[in-house]
Amino acid sequence: LVPLSQFQFIFDVVKAAKATTNFSIKSGVLFDNVEALRNKEVQFAIGHLPQLDQHEFEFFPLCQIQFKPAIHKKLYEGECTLETLLKVPNVIVESHQTQNNSSSKFQNKIKVTSHERKVELIQHGHGWGRLKDEEINDDLMIIPATLIEHLNFEIYFIRLKAMSQGPMANLIWQEVQSKSNN
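Residues numbered from 1 in each chain as written. Predicted model: local features only at pLDDT ≥ 70, side-chain atom pairs only at ≥ 80, totals over all residues. Heavy atoms only, no water.

Enquirer: Whenever I open this one, the packing of helix α1 (residues 8–16) against helix α5 (residues 167–181) confuses me. Can you help?
Expert: When two helices pack together, their arrangement is given by the angle between the helix axes and the distance between those axes. One way to put it is that α1 packs onto α5 with a least axis distance of 10 Å and a crossing angle of 135 degrees. With respect to each other, α1 and α5 are oriented oblique. Between α1 and α5 lies a crossing whose hand is right-handed. Where α1 approaches α5, its residues Phe9, Ile10, Val13 and Val14 are matched on the opposing element by Met168, Leu171, Ile172, Glu175, Val176 and Lys179. Per-class residue counts for the contact of α1 with α5 are eight nonpolar, no polar and two charged. (Axes fitted to C-alpha atoms, helices over the stretch in contact; angles between N-to-C directions. Helix = DSSP H or I, 4+ residues; strand = E, 2+ residues; numbered from the N terminus. Parallel < 35°, antiparallel > 145°, perpendicular 65-115°, else oblique. Left-handed = near helix turned anticlockwise from the far one by under 90°. Contact = heavy atoms within 4.5 Å. Nonpolar A, V, L, I, M, F, W, Y, C, P; charged D, E, K, R; others polar.)

If you want it as structure tokens, here you go:
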């Protein structure tokens, strides 16, 4: 959800420090990146923090992302209504953390494993779902907030408190934190 271009400066920091550092950049779905951090597969994670334990994790905000529900114009005639939305599949991203969450009133769903696939399906008229502004093209209509809630997510840079960090990891943490405060 957060473009890698926002973090290009990290490579410059490592280069300027003349450090030999191995990077492994993983893309996670929803809370999978926090699980990778918990399992010590990565040193940092970027994600939303619904209920992270402040004793286990250290984090700071990076940015806010707003998701607006959108539907392809070919999927409805006239006004988009709740009845329309109940007939059209809701395209959602599912991770192993959210597989059993079926509390939504929208039972007609298409489940995908990446946000990119979700965007593609919605843009091609196969369902509706929440997208970022820059993903909503001219073929899509934003569904009014009176029908479907628009969501704002605070995105955080996260690390485990108990995981030992080397000098380069600490430098990266400080640089990202410094950039996020500007």
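Having seen it, we continue.
Enquirer: What is the right way to look at the packing of aromatic side chains in this model?
Expert: The geometry of an aromatic ring pair is captured by two quantities: the separation of the ring centres and the angle between the planes. Enumeration over the complete set of coordinates arrives at seven aromatic pairs. Each ring, one from Phe44 and one from Phe157, has its centre 5.0 Å from the other, and the planes form 25 degrees; the classification is stacked. Of this pair, Phe44 sits in the loop between α2 (32–38) and β1 (45–48) while Phe157 sits in strand β7 (residues 151–160), and the two are 113 residues apart along the sequence. Of the two residues, Phe44 and Phe157, both sit in the buried class. Ring geometry for Phe67 versus Phe153: centroids 5.6 Å apart, planes at 70 degrees, classification edge-to-face. (Phe/Tyr/Trp six-rings, centres within 6.5 Å; stacked < 30°, edge-to-face > 60°. Buried < 20%, exposed > 50% of the residue type's maximum accessible area, 1.4 Å probe, protein only.)

Enquirer: Where do I start with α1 in this structure?
Expert: Note on helix geometry: an α-helix contains 3.6 residues per turn, so any two residues three or four positions apart are oriented the same way. Here α1 has its buried residues at Phe9, Ile10, Val13 and Val14. Angularly, the buried residues of α1 cover 145 degrees about the axis, an arc narrow enough to put them on a single face. Set apart from the buried face of α1 by more than 90 degrees, the exposed residues are Asp12, Lys15 and Ala16. Lining the buried residues of α1 we find α5. Just past α1, the residue Lys18 takes up positive phi, approximately 55 degrees. (Arc of directions from axis to C-beta.)

Enquirer: Is there a simple way to think about helix α4 (residues 115–123) in this case?
Expert: Restricting attention to buried positions, one finds in α4 the residues His115, Lys118, Val119, Leu121 and Ile122. One side of α4 holds all its buried residues, which, seen down the axis, span an arc of 165 degrees. Residues of α4 that are buried make contact with β2 (57–72), β3 (90–93), β4 (109–112), β5 (128–131) and β6 (140–142). In the stretch just after α4, Gly125 is the one whose phi turns positive, near 80 degrees.

Enquirer: Explain the nonpolar core to me, please; I cannot follow it from the model alone.
Expert: By size, the foremost hydrophobic cluster in this structure holds 19 residues, and its most contacted members are Phe7, Leu62, Phe157, Ile172 and Val176. Where this core is concerned, the elements lending two or more residues are α1, β2, β7 and α5. If near-sequence neighbours (up to four positions away) are discounted, Phe157 is found in contact with Phe44, Ala45, Ile46, Glu58, Phe59, Phe60, Leu62, Trp173 and Val176. With eleven residues, the next largest nonpolar core counts Ala36, Val42, Phe57 and Ile158 among its residues. (Core = buried A, V, L, I, M, F, W, Y, C linked by side-chain atoms within 4.5 Å.)

The analysis is restricted to geometry; functional conclusions fall outside its scope.
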